[in-house]
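Each chain, written out:
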Amino acid sequence: TVTSTHQVLVIGDALLDVHALPSEPIVGGADVPAAISLQPGGQGANIAVRLARAGIAVRLLTAIAGDPAGMLLRERLDREGIQVAVIPAAASGTVVVLRDAAGERTMLSQRPPLATGAADNLAAVRHDAGWVICSGYALAEPDGDLLADALRGPGRLAIAGCALADRDVAAWRRRVTDAAPNLLFLNGREAVALDPIPPVDILAVTEADGATVTVGSDELRATVPPGPPAVDATGAGDAFAAAFLGSILAEDAWPPPPRLLRSAVETAVATAAAVARVDGAQGRVPGEPAATLRP
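These notes cover the structure that comes with them. (Residues numbered from 1 in each chain as written. Predicted model: local features only at pLDDT ≥ 70, side-chain atom pairs only at ≥ 80, totals over all residues. Heavy atoms only, no water.)

Another point: the overall build of the chain. When its secondary structure is counted, the chain shows 9 helices and 13 strands. Scaling as 2.2 N^0.38, a compact globule of 295 residues should have a C-alpha radius of gyration of about 19 Å, and the chain matches this with 18 Å. Dimensions along the principal axes, computed over C-alpha positions, put the chain at roughly 55 × 45 × 45 Å. Of all 295 residues assigned to the chain, the portion counted as buried reaches 52%. If you take every contact in the chain between residues at least 6 apart in sequence, the share linking residues at least 24 apart comes to 69%. When the accessible area of the chain is evaluated, it comes to approximately 13,000 Å², of which 56% is carbon and sulfur surface. When the 23 positive and 33 negative side-chain charges of the chain are each reduced to one mean point, those points stand 4 Å apart. (Helix = DSSP H or I, 4+ residues; strand = E, 2+ residues; numbered from the N terminus. Rg over C-alpha atoms; globule rule 2.2 N^0.38 Å. Buried < 20%, exposed > 50% of the residue type's maximum accessible area, 1.4 Å probe, protein only. Contact = heavy atoms within 4.5 Å. Areas by Shrake-Rupley, 256 points an atom, 1.4 Å probe, with all protein chains shown as cover. Lys, Arg positive; Asp, Glu negative; His and termini not counted. Charge placed at Lys NZ, Arg CZ, Asp CG, Glu CD.)

The full count for this structure, using the stated rule, is 10 salt bridges. Residue Asp-13 pairs with Arg-111 through a salt bridge whose shortest N-O separation is 2.8 Å. One end of the pair, Asp-13, is in the loop between β1 (4-11) and β2 (15-22); the other, Arg-111, is in the loop between β7 (105-110) and α3 (115-125), with 98 residues separating them in the sequence. Looking at Asp-13, the relative accessible area reads 5%, which means it is buried. (Salt bridge = Lys/Arg side-chain N within 4 Å of Asp/Glu carboxyl O.)

For the rest of this paragraph, the subject is the pairing of strand β9 (residues 156-160). Within β9, 4 of the 5 residues are buried, which leaves the element mostly enclosed by the surrounding structure. Examined bridge by bridge, strand β8 (residues 129-135) and β9 share 5 bridges and lie parallel to one another. Bridge assignment links Trp-131 to a residue of β9, and that residue is Arg-156. (Pairing = 2+ DSSP bridges.)

Here we take up the environment of Gln-110. In this structure, Gln-110 sits in strand β7. Setting aside chain neighbours within four positions, we find Gln-110 in contact with Leu-15, Ser-92, Gly-93 and Thr-94.

Below, the discussion takes up helix α1 (residues 43-53). Across the 11 residues that make up α1, a large majority, 11, are buried. Residues of α1 that are buried include every one of Gln-43, Gly-44, Ala-45, Asn-46, Ile-47, Ala-48, Val-49, Arg-50, Leu-51, Ala-52 and Arg-53, and no others. Gly-55 occupies a position one or two residues after α1 and carries a positive phi of about 85°.

Another aspect to go through is the layout of surface pockets. Of the volumes computed, that of the second largest pocket is approximately 250 Å³. Lining of the second largest pocket is provided by 17 residues; of these, Arg-50, Ala-54, Ala-243, Thr-271 and Glu-288 occupy positions nearest its centre. Counting only elements with at least two residues in the lining of the second largest pocket, the list comes to α1, α8 (236-248) and α9 (258-276). With 5 residues, α8 is the single largest residue contributor to the lining of the second largest pocket. Of the residues belonging to the lining of the second largest pocket, the class tally is 9 nonpolar, 5 polar and 3 charged. (1 Å grid on protein atoms, 1.4 Å probe; cavity = no way out; pocket = protein on both sides within 12 Å on 5 of 7 lines; lining within 4 Å. Points joined across faces, edges and corners; volume = space filled by probe spheres on them. Nonpolar A, V, L, I, M, F, W, Y, C, P; charged D, E, K, R; others polar.)

Right, let's talk about the sheet that holds strand β3 (residues 34-41) for a bit. Taken together, the 4 strands give an open sheet; going across it, the order is β3-β2-β6-β7, and neighbouring strands pair in mixed fashion. The two strands at the open ends of the sheet, each matched to only one other strand, are β3 and β7. Along the sheet, successive strands turn relative to each other by an average axial angle of 20°, direction set aside. Bridge count between β2 and strand β6 (residues 93-99): 6 bridges; the pairing is parallel. Looking across to β6, one finds that His-19 is bridged to Val-97. Running over the sheet, helix α2 (residues 68-79) touches β2 and β3 and is turned about 100° from β2. (Axes fitted to C-alpha atoms, helices over the stretch in contact; angles between N-to-C directions.)

With the rule as written, the count across this model stands at 1 cavity of 30 Å³ or more. Along the walls of the largest cavity sit Ala-14, Pro-40, Ala-45, Leu-73, Arg-76, Leu-77 and Gln-282, which together make up its complete lining. The element that contributes the greatest number of residues to the lining of the largest cavity is α2, accounting for 3 residues. By residue class, the composition of the lining of the largest cavity is 5 nonpolar, 1 polar and 1 charged.

What follows is the structure in C-alpha cells.
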C-alpha cells in the first residue's frame, strides 16, 4: 500500500541494461569470457523503482517502444506498481555496462529521444505531483531547452546529474539554470565539470565515500557505513536521489530543517552503499519489500 500521499513525477529513461563483467582484461580482436546479464535500468526508472519500493506514489514519464525490450521494461515497471506515461519510441533504449572487479563501470548507451515528448506531455501528467524529478540525460538532449522551459511550473523540482561530454556542459548548465530546480543531485565529477554550479536551494554531491549536502552556507556530510565492498555501482547515485527525496517529501517547510536534512543524507548514503553492494541498478537491498505491485 502507498504510505505517502505525495505523488512524485519522474521524467527519465527506462532502459535495458546489458551487464558484462569480463573475467580478464579486454583485448582487441579477442574473445574474452565474461559474466553477462540482462537487467532493467535507466536513470528515470531506477529512481521511480526506489521511490515505489519506499511506498511513495510515483509516475514515470518515459519513452518506450513496443519491441521485446520495451515489453520487458513495461512488465517490470508494472510489477513495481509504477504508473507509466509512455512517449512512443522507434526502439526502446539499451545500455551496455562494462564492469570491473571493483564495481566501477563504463556505459555504452543508446537512448530514445525523450526531451521533446516530455515537454509536450508534462502539463498533462504533473497536475497531482508535489515533486517532479527530471533525469539530467533528458536535459542533455538537443531539444533540452524545450524541456527546461516546460519544467518551470507548479510543485517542487529536482534534477539528477548525468555524464556529460565537455562540449555539452555549458548548454546543460544553462538549462538547469532556466528550469530553476529546488534540489540538484550531482556526483563529484559532475560537480567539478559544472563549476560554477547553477543556483539551487539544496545541492547534494555524492562521492565514493559519502555525500555532502549544501544549503546556503551550511554543509552536511555523511560517510558510507561499514560493510562489504561495492560490486556494482550502477544505479547507486539514482538510489541516493530517491532515498533523499523520499526522506523530505512530507516536510512542508522549505528548505527542510537541518535535523531532517541530516537524517535524509545519512539515509541516502546508506541506501546508495547498499545498492552498490548488490548486482544491478534495481537489485533489491535489505529492507526493501519483496514486491510492490499495487492494485
